[in-house]
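# Overview (structure and organization)
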Amino acid sequence: MGWLSILPPVVAIIYAVWRREVTIALLLAIFTAALILADGNLALAFIDTVDRIVQVFSSAYNTRILMFSLIIGALIQLIKISGGVTALVNWLTTKRWVNNQRKAGLLPAIIGSSIFVDTNMSVLTAGISSQALFDRFKMSRLRLAYIIDATCAPISVLILLNGWGAAILGYLKLTGVDDPVTVMIHSIGFNFYAIITLIIMFYTVISTRVHGPMKSMETEALSLVSTEQLPKPTKKRYMLWPLIVMVFCMLLFMFITGDGDLRQGSGAESVLWSVILATMLAFALLRFDAQQPTKTLMQEMFTGMGLLLPLVTLVLLAFALSQAMGDLQTGVFVATAIGDFIPVWAVPALVFILSGFIAFTTGTSWGTFGVLIPIAVPLAINLGISPALVLGAVLGGSVFGDHASPISDTTVIASLAAGCDLLDHVKTQLPYALVGGGISVLFYLVAGWLQ
């Protein structure tokens, strides 16, 4: 198809940047691909667009991923309303484990690092539970917002025992890569931005020093009240047991389905089975131990699934677009075109910058995954570059753009959870994100040169 093969992702990027809407951008991209494949026939293109979305469910793998993405919403909601999170935080503070600025900063960092299942839950829990501590030890809410924002996405994209990992595996499977699980695991070491961001964040916490605009605003009193409050404390096990069971079962099922090799295990099956068991345990704890009505718990579960429905829709459309671009052989064409103009060693750095730009303008890292992974990974394979290196560049660049974007949902939620102004949070976090992004570009140039 030549240059026409890159038209669908270009349409998606342009519309997403223009309207700040990824869902419609992906729909337009799928329709554009269908229009090209139908030789301009609008009626056939419409039918093909609908059929491609429907055909996503013909794959058991894709269906498992979509089911997991919904059910995890139910689990998050049950844990959220249980009061277990508040109970754990209260236990930590009453044991006098937090009695100075360094320990006060470590609390949200550790909580945010521990709750890697969902970024929004991580941000809300770590931020809301730490507001009073930061006020007490005379640290600004802006510092708190930076700590929780710089923790949630990097941890989630490095551990990958969550919806991030499941969706990334789904995207990788459609690229034709031989071993998606191994590529994803190896990409962790190449996710330079996430690693560097965590290093800078822990330096800030341990040294208790801040720099740039945050330093000049540190003395300002920011006392906005969060719009969301945690439930009253109940029992720590309501939060801990479901998460422990989910992580343990995920590893166990990966081991079983891989015949003793975690790397060969079925990620889609493992995450689905694990989250179902964890949700069942959370439901049982709240029903029989906390004596909450079954009807109330079921309503809360559907509420949680409803909150993640936009995310599930993104994953669904990204699967359909990936298949369409595979039919157009977009990756092969881009590999040939870029190979003629750009040095191979510069490709990882270029992918990182492009990912950051898309995520910054759209405010979503997930949408960036869906647009770029189907292009970048086949490109790496055709150019002889490590797919794990390029995947790490896509993931890291997406998180970088998400951190720097004022329209990112995690940026907005971080400012709310910390109780500070959104634009002040963006202003004070941006220098940290730019430093991490600049160092990452240098690392990708070196890594590309050593390929």
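Everything numeric in this text was worked out from a predicted model, so none of it was measured. (Residues numbered from 1 in each chain as written. Predicted model: local features only at pLDDT ≥ 70, side-chain atom pairs only at ≥ 80, totals over all residues. Heavy atoms only, no water.)

## Comments concerning unusual backbone geometry
At Asp39, a residue that is not glycine, the phi angle is positive and equals roughly 55 degrees. With respect to the element layout, Asp39 can be found in the loop between α2 (22-37) and α3 (42-55). One non-glycine residue, Thr208, adopts positive backbone phi at about 60 degrees. Checked against the element boundaries, Thr208 lands in the loop between α11 (192-207) and α12 (213-216). Of the residues examined, Thr208 reaches a relative accessible area of 25% and is grouped as partly exposed. (Helix = DSSP H or I, 4+ residues; strand = E, 2+ residues; numbered from the N terminus. Buried < 20%, exposed > 50% of the residue type's maximum accessible area, 1.4 Å probe, protein only.)

## Notes on empty space enclosed by the protein
If you walk through the whole model with that rule in mind, you get two cavities of 30 Å³ or more. There is about 30 Å³ of room inside the second largest cavity. Looking at the lining of the second largest cavity element by element, the count peaks at three residues for helix α22 (residues 422-450). When grouped by side-chain class, the residues that make up the lining of the second largest cavity number five nonpolar, three polar and no charged. (1 Å grid on protein atoms, 1.4 Å probe; cavity = no way out; pocket = protein on both sides within 12 Å on 5 of 7 lines; lining within 4 Å. Points joined across faces, edges and corners; volume = space filled by probe spheres on them. Nonpolar A, V, L, I, M, F, W, Y, C, P; charged D, E, K, R; others polar.)

## Overview of the side chain of Gln77
Note that Gln77 resides in helix α4 (residues 60-82). Assessed through its relative accessible area of 9%, Gln77 is described here as buried. At a separation of 2.8 Å, a polar atom in the side chain of Gln77 contacts the side chain of Glu300. (Polar contact = N/O pair within 3.5 Å; in protein donor to acceptor, adjacent residues only side chain to side chain.)

## Some remarks on the state of the cysteines
One covalent bond between the sulfur atoms of two cysteine residues makes up a disulfide. Counted according to the given criterion, the structure contains zero disulfides. Looking at Cys420, it has no disulfide partner, and the nearest cysteine sulfur is the one in Cys152, 13 Å off. (Disulfide = S-S within 2.5 Å.)

## Structural notes on the environment of Phe360
Within the secondary structure, Phe360 sits in helix α18 (residues 347-362). We classify Phe360 as partly exposed; its relative accessible area is 37%. Through-space distance from the C-alpha of Phe360 to that of Ile373 is 17 Å; in sequence the pair is 13 residues apart.

## Considering the packing of aromatic side chains
Within the structure shown, the criterion is met by 12 aromatic pairs. Seen in terms of ring centroids, Tyr15 and Trp18 are 5.8 Å apart; in terms of plane orientation they differ by 85 degrees. Their pairing is edge-to-face. With Tyr15 and Trp18 both in helix α1 (residues 7-19), this residue pair falls three residues apart, about one helical turn. Of the residues examined, Trp18 reaches a relative accessible area of 60% and is grouped as exposed. (Phe/Tyr/Trp six-rings, centres within 6.5 Å; stacked < 30°, edge-to-face > 60°.)

## Regarding the packing of helix α9 (residues 163-173) against helix α16 (residues 309-328)
In contact at an axis separation of 10 Å, α9 and α16 are set at 15 degrees when each is read in the N-to-C sense. Relative to α16, the element α9 is oriented roughly parallel. Two packed elements cross with a definite hand, and for α9 against α16 that hand is right-handed. Mapping the contact onto sequence places Ala167, Gly170 and Tyr171 in α9 and Val315, Ala318 and Phe319 in α16. When grouped by side-chain class, the residues that make up the contact of α9 with α16 number five nonpolar, one polar and no charged. (Axes fitted to C-alpha atoms, helices over the stretch in contact; angles between N-to-C directions. Parallel < 35°, antiparallel > 145°, perpendicular 65-115°, else oblique. Left-handed = near helix turned anticlockwise from the far one by under 90°. Contact = heavy atoms within 4.5 Å.)

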